Amino acid sequence: MIFLRRQLPLLITMVTGLLFAGQYYVPHPASEQLLTSATKWLQIIGGFALVLGVTSLFHQHAAKIRRKEAGWGYSVVLYAGLVGTIAVGLWANGKESVDGAMTTFGWVYNFMMVPLQGTMFAILAFFIASAAYRSFRARSREAAVLLIAAVIVMMGRVPLGEYLIPASGDVSSWILNVLNASVRRAILIGVSLGAVALSFKIIFGVERSYLGGGKE
Amino acid sequence: MSFAERMLKIDRRIIFLVIGFCTLLPLLYPVGLPIKISPEVKSVYDYMESLPERSVFLLSIDFDPASKPELHPQAIALLRHAFRKNLRVVAMTLWVSGTGMADQLLTQVAQEAGKENGKDYVFLGWSPGGTAVIINMGQDLYQAFPSDYGGKPTKGLPVLDGVNSLKDVSYAISLGAGNPGVEAWYVFGKDKYKFELGGGCTGVIAPGLYPLLRSGQINGLIGGLRGAAEYESLIGQKGRAVAGMDAQSATHVAIIILVAVCNIFYFSLRRQAKQQGG
Amino acid sequence: MKRGWGDRAAVAALVSAFIYGGLCSTAFAQFSLMPPADVHVADTPNDGGESLTVVWAPGPSDGPDARYQVLLGEAGSTDPSALKVVAEFSSTTHYVKENKVAWWTRQADKAWHQYVIRSGKGIELKDGTTYAVAVTLLKGEERAVSPVLQAVPEPNWFNWNQLNNLILALGFGGLVFYAISHAKRKDIFLRRIPGLDAVDEAIGRSTELGKPILYLTGAHDMGDPSTIAAAVILGRVAKRAAAYETELLVPHREPITMAVCQEITKQAYLEAGKPDLFKEDTNFFITSDQFSYTAAVDGIMLRKKPAANFFMGAYFAESLLLTETGASTGAIQIAGTDSDHQLPFFVTTCDYTLIGEELYAASAYLSKEPIQVGTLRGQDIGKAVILSVIMAGTVLATIGVVTGAQWPQVFLDLFRDLK
């Protein structure tokens, strides 16, 4: 049992990890073919995983309805939405329109999903404003520098800002291209080294807590 | 609680209301301020201009309806430019929830330009696998997309004449709202299959893509609504992005004023505290 | 070796100029124009095949008014007129130095011309098939053709251009393992990471208030190191939550991550000696759609009012929507992400933020195990090496610009090739 739960997954991780790390250095079509096959496997596994996810979703909300927990009505809405969308999707063969005419599935997509997603994204602008008001304070010298840079970039990115302060466009471009890009590169170098080190640890079985927490 | 304290803990719904008005009013009463063109947007435009007629232009619409306000105008402007240049347009998406929207926008712009499906443009739709789709397309486009979104077999379509893989693409642009997006198209596409790549993205992730731009990994970048407005100005067909820039100008200025006001109250509170302490 | 090609090429060029001269009405004019010299065609090295590389020496006629054409045809063709023009460009472009290859794989002098014929855009090259290639120089009405050469495209088994990458990766790997063995023998100092110190405080606060802990693992799947790091930290958080008997909620965007985290949480409860408290639905799937997931998690925050919110892993535009809602409920918020574009939002709305690689360092900090701490030391040494090279490059480039000297360029080219 311990072999199936520990040694075998570690062995698979090591072999595939080394194989696909090596694949990066081999330009031969056979190597590309190997990568394509692996990505197809991943797609298939991903498909099965979705079943796992949907099962979890159904199970959780079924329990809520059964126990009549607070807000169980939302779970009913979820069931109705999920089953309803699958039904109209199958009916329309997954197409939003056929020969220019909108299908029921297309209606759900255009008049429910599009405005709902748009609304969620639009909330971002309001949240940015409230977060900026609450936390953008010149508490220290560093925070003051950050504040000034933010104001310049915000002015430089819109026509009104450039109209009021003509230099703001060029200064904001400089901030984005020079200061921002270099700081991001520095973060990226750290992140990449961290990711490579983590990958080495996983490939060689040093880091194994992702398989189920503790040590043997 | 002093006035400054009360103002610092103001109900955030009041801020929401201010932002709402600042967005709505300029949309109702547009001013039309001039838009300065940035070099990163100009490079995309210039490269499109340099392409000979019937070159293959791949547009990957990697966003969903949530990012529509920023990326939809970019897609429209790019497609208008491509059709005007008489390029062969191959569109697709790596985001399943963006499929219907991508189909609609392509059909709309193609009809406006009088272009024919299958001959001048094709919408390949979505294929599962995310970044793996890019690799599959790099090896064999027809295996990755055996049929287009309408169900027609891709092999034999006049628009794809002489196109076997990503190596045959003259210029590709990914309009990405996240992952998979511009970065994935560089790592799994351009780096492997050697075609020229440009990018478009939401304003939030644009600063994160500047390192790609500076190192030449992408040859241009259209960032957010501002980038879309610049592109609309370049092609001389002003649309929703240019109209939206007034609203964006007003909200940016409103946020700056809000931040300034909050700092004034913050400092007055600090002074009060010092005076009380002293 | 290059001289050898040059001699043969010069003779062949004269012969081909005679042959081609008969085909053209401007035959006499051709003799004033020297054909491209030292032309060499071979399979493009270090690639997946279906490609040929042509290199030739710059000629005296090169200039803005002169152009080169690259011709390609079937095997055995010796007549340039039977070949098809596959590229035409100015004679002041397409140099070897423009190709991003390292000096150890460069096929000719940097000042030579180079053109890579690739399958695609109307050209079809098949591996294992012989092709005829020639280069023509055009100036006004005049033209001069190089000899027709034969070459076979083939796929290669190793990309020598990436040898530096392999050596650096293996070197860094070796360094990490050395640092791990060093850490097993000696104690290594770890600087404080306030965000991780606050983990216990956040869990304690949830326990006191009798409210749940919300833990998110980000937008990516288990293939992403940030998700793996988030899952590892979840193990530690779950263990403390189990010990304090505090409810844990882990909503997921990815089913496989959910399955993995379920195992991790179960193990954590087992290690904490509270297996009976473990609930299967601690980890649950919502949807893989970005904003639907955000709306659902925001709903959980508003209804269940967790006292501690953890945002670990990769995030996109949803970050602020999640953290701002969390802030409005008064929860302690700890974020850790390598999504640099979302850092400003996390920093402004969360109490503590683990920036970039601090997320990967978290498991070392929380466990203090020599293996984890040693890895961090390895990373630090790697970073020091990179920083030193950047510093040296900056100094050299500045000296080059200020003094106008050419020698710093040699070192800069070396750095660029080795990167």
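Residues numbered from 1 in each chain as written. Chains lettered and ligands numbered in written order. Predicted model: local features only at pLDDT ≥ 70, side-chain atom pairs only at ≥ 80, totals over all residues.

Enquirer: Before we move on, can you summarise the overall build of chain A with the specific residues and values?
Expert: On a plain count of helices and strands, chain A comes out with seven helices and two strands. Reading chain A from its N terminus to its C terminus gives the helix and strand order α-α-α-β-β-α-α-α-α. Scaling as 2.2 N^0.38, a compact globule of 216 residues should have a C-alpha radius of gyration of about 17 Å, whereas chain A reaches 26 Å, well beyond that. With respect to the three principal axes, the spread of C-alpha positions in chain A is 65 × 50 × 45 Å. A burial count over chain A gives 26% of its 216 residues as buried. If you take every contact in chain A between residues at least 6 apart in sequence, the share linking residues at least 24 apart comes to 19%. (Helix = DSSP H or I, 4+ residues; strand = E, 2+ residues; numbered from the N terminus. Rg over C-alpha atoms; globule rule 2.2 N^0.38 Å. Buried ≥ 20, exposed ≤ 12 C-beta atoms within 10 Å, placed from the backbone. Contact = placed C-beta atoms within 7 Å.)

Enquirer: Any chance you could break down the overall build of chain C for me, citing the residues and the numbers?
Expert: Counting its secondary structure elements, chain C contains 11 helices and 14 strands. Taken against the 2.2 N^0.38 rule, which gives 22 Å for 419 residues, the C-alpha radius of gyration of chain C at 32 Å runs more than 25% over that of a compact globule. Across its three principal axes, chain C shows a C-alpha extent of roughly 100 × 45 × 35 Å. Of the contacts formed within chain C by residues at least 6 apart in sequence, a portion of 69% connects residues at least 24 apart.

Enquirer: Kindly report on the interface of chain B and chain A, identifying the contributing residues and their values.
Expert: Buried accessible area, meaning the area lost when the parts come together, often serves as the stated size of an interface. Every contact between the two is made by 43 residues of chain B and, on the other side, 42 residues of chain A. Breaking the side of chain B that touches chain A down by element, the ones donating at least two residues are helix 2 (12–28), helix 4 (68–84), helix 5 (99–113), helix 6 (131–139), helix 9 (206–214) and helix 11 (240–277) of chain B. For the side of chain B that touches chain A, the element with the highest residue contribution is helix 11 of chain B, accounting for 13 residues. When the residues that make up the side of chain B that touches chain A are grouped by side-chain class, the tally is 24 nonpolar, 12 polar and seven charged. (Nonpolar A, V, L, I, M, F, W, Y, C, P; charged D, E, K, R; others polar.)

Enquirer: Lay out helix 4 (residues 104–135) of chain A in plain terms, naming residues and giving numbers.
Expert: In this model, helix 4 of chain A (32 residues) spans 45 Å end to end at C-alpha, consistent with the 46 Å of a helix rising 1.5 Å per residue. At Met113(A), helix 4 of chain A shows its largest kink, close to 30 degrees, and the proline Pro115(A) lies no more than four residues downstream. (Expected span 1.5 Å × (residues − 1). Bend = angle between axes of the 7 residues up to and from the residue.)

Enquirer: Which residues make up the sheet that holds strand 14 (residues 352–355) of chain C, and what values go with them?
Expert: All names here are of chain C. Taken together, the six strands give an open sheet; going across it, the order is 11-10-9-12-13-14, and neighbouring strands pair in parallel fashion. The open sheet has two free edges, formed respectively by strand 11 (283–285) and strand 14, since each of these has just one partner strand. Here the strands of the sheet are splayed against their neighbours by 15 degrees on average, with no regard to which way each runs. The pairing of strand 13 (residues 332–337) with strand 14 spans four bridges and is classified as parallel. In the strand pairing of strand 14, Gly336 is matched with Leu354. Across the face of the sheet, helix 3 (residues 194–209) comes into contact with strand 9 (213–216), strand 12 (308–312), strand 13 and strand 14 while running at roughly 145 degrees to strand 13. Contacts from helix 4 (residues 225–244) reach strand 9, strand 10 (248–252), strand 12 and strand 13 within the one sheet, and its direction differs from that of strand 9 by about 165 degrees. (Pairing = 2+ DSSP bridges. Axes fitted to C-alpha atoms, helices over the stretch in contact; angles between N-to-C directions.)

Enquirer: Before we move on, could you go through the interface of chain A and chain C and cite the residues and values that matter?
Expert: Counting from both sides, the interface comprises 47 residues of chain A and, opposite them, 56 residues of chain C. Per element, the largest residue contribution to the side of chain A that touches chain C is 16 residues, and it comes from helix 7 (residues 168–203) of chain A. For the side of chain A that touches chain C, the class distribution of residues is 29 nonpolar, 15 polar and three charged.

Enquirer: So what's going on with the sheet that holds strand 6 (residues 221–223) of chain B? Which residues, and what values?
Expert: Residues and elements named next belong to chain B. Here we have six strands laid out as an open sheet, ordered 3-2-1-4-5-6, and parallel in their pairing. Bordering the open sheet on either side are strand 3 (121–126) and strand 6, each of which pairs with just one other strand. If you compare each strand with its neighbour and ignore which way they point, the axes differ by 15 degrees on average. As paired strands, strand 4 (residues 171–176) and strand 5 (residues 196–201) are joined by six bridges and run parallel to one another. Bridge pairing in strand 5 places Gly176 opposite Cys201. In the packing of helix 9 onto the sheet, contacts are made with strand 5 and strand 6, and the angle to strand 6 comes to roughly 170 degrees.

Enquirer: Kindly report on the nonpolar core, identifying the contributing residues and their values.
Expert: Core analysis: the biggest nonpolar cluster contains 188 residues, and Leu59(B), Ala91(B), Leu234(C) and Val237(C) have the highest contact counts within it. With 11 residues, the single largest contributor to this core is helix 4 of chain C. (Core = buried A, V, L, I, M, F, W, Y, C linked by C-beta atoms within 7 Å.)

Enquirer: Before we move on, could you go through helix 7 of chain A and cite the residues and values that matter?
Expert: All names here are of chain A. For helix 7, spanning 36 residues, the distance from its first C-alpha to its last is 49 Å, which sits close to the expected 52 Å at 1.5 Å a residue. A maximum bend of about 30 degrees is found in helix 7 at Asn180. Among the residues trailing helix 7, Gly205 stands out with phi positive, at a value near 75 degrees.

Enquirer: Which residues make up the pairing of strand 10 of chain C, and what values go with them?
Expert: Looking down a regular strand, the side chains alternate between one sheet face and the other. Residue and element names in this part refer to chain C. Residues Leu248, Val250 and His252 of strand 10 are buried on one face, while the alternating residues Leu249 and Pro251, pointing to the opposite face, are not. Pairing geometry for strand 9 and strand 10, over two bridges, is parallel. Opposite Ile213, over in strand 10, you have Leu248 as the bridge partner. By the bridge criterion, three bridges tie strand 10 to strand 11 in an arrangement that is parallel. Bridge assignment links Pro251 to a residue of strand 11, and that residue is Phe284. Taken together, strand 10, helix 5 (residues 255–271) and strand 11 form a β-α-β motif whose crossover is right-handed. (Right-handed = clockwise from strand over helix to strand, strands pointing away.)

Enquirer: Tell me about the environment of Gly236(B), and please be specific about residues and values.
Expert: Counting through the fold element by element, Gly236(B) comes out in the loop between helix 10 (224–235) and helix 11. Sequence separation between Gly236(B) and Arg12(B) is 224 residues; the distance between their C-alpha atoms is 40 Å.

Enquirer: Can you break down the pairing of strand 1 (residues 56–62) of chain B residue by residue, with the values?
Expert: Residues and elements named next belong to chain B. Of all the seven residues making up strand 1, seven are buried; the element is thus mostly covered by neighbouring parts of the structure. Alternating residues of strand 1 divide into Val56, Leu58, Ser60 and Asp62 and Phe57, Leu59 and Ile61, and every residue in both groups is buried. Sheet topology note: the strand 1/strand 2 (residues 88–93) ladder contains five bridges and is parallel. Paired with Leu59 across the two strands is Ala91, which belongs to strand 2. Alignment of strand 1 against strand 4, held across six bridges, turns out to be parallel. In the sheet register, Ser60 faces strand 4, and the bridge partner there is Ser174.

Enquirer: How would you explain the confidence of the model for chain A if you had to name every residue and give the values?
Expert: Taken over all residues, the pLDDT of chain A has a mean of 87, while the share at 70 or more is 97%. Put simply, strand 1 (residues 97–98) of chain A is where chain A has its lowest mean pLDDT, 80, and helix 3 (residues 72–91) of chain A is where it has its highest, 92. (pLDDT = per-residue confidence, 0-100.)

Enquirer: Give a detailed account of the domain arrangement of chain A, specifying residues and quantitative values.
Expert: We note that the domain assignment places domain 1 (9–23 + 30–75), domain 2 (92–134) and domain 3 (136–209) within chain A. Relative to domain 3 of chain A, the C-alpha centre of domain 2 of chain A lies at a distance of 30 Å. (Domains from an automatic or database assignment.)

Enquirer: Provide a residue-level description of the packing of helix 6 (residues 290–304) of chain C against helix 7 (residues 318–328) of chain C, including the pertinent values.
Expert: Residue and element names in this part refer to chain C. Where helix 6 contacts helix 7, the axes come no closer than 9 Å and their chain directions differ by 5 degrees. Considering their axes alone, helix 6 and helix 7 lie roughly parallel with respect to each other. Across the interface between the two elements, Gln290, Phe291, Thr294, Val297, Asp298, Met301 and Leu302 from helix 6 touch Glu318, Leu321, Leu322, Thr325 and Gly326 from helix 7. Residue composition of the contact of helix 6 with helix 7, grouped by class: six nonpolar, four polar and two charged. (Parallel < 35°, antiparallel > 145°, perpendicular 65-115°, else oblique.)

Enquirer: Please set out unusual backbone geometry residue by residue, giving values where relevant.
Expert: Only a minority of non-glycine residues have a phi that is not negative, and only a minority of peptide bonds are not trans. That bond from Asn179(B) to Pro180(B) is cis: its omega, 0 degrees, falls within 30 degrees of zero. One non-glycine residue, Lys305(C), lies in positive phi territory at about 45 degrees. Of note, Lys305(C) is situated in the loop between helix 6 and strand 12.

Enquirer: Please set out the confidence of the model for chain C residue by residue, giving values where relevant.
Expert: For chain C, per-residue confidence averages 87 on the pLDDT scale, and 92% of positions sit at 70 or higher. As a predicted assembly, this complex carries a pTM of 0.80 together with an ipTM value of 0.84.

Enquirer: With reference to specific residues and values, describe the environment of Val253(B).
Expert: Within the secondary structure, Val253(B) is located in helix 11. Distance in space between the C-alpha atoms of Val253(B) and Asn179(B) is 31 Å, their sequence separation being 74 residues.

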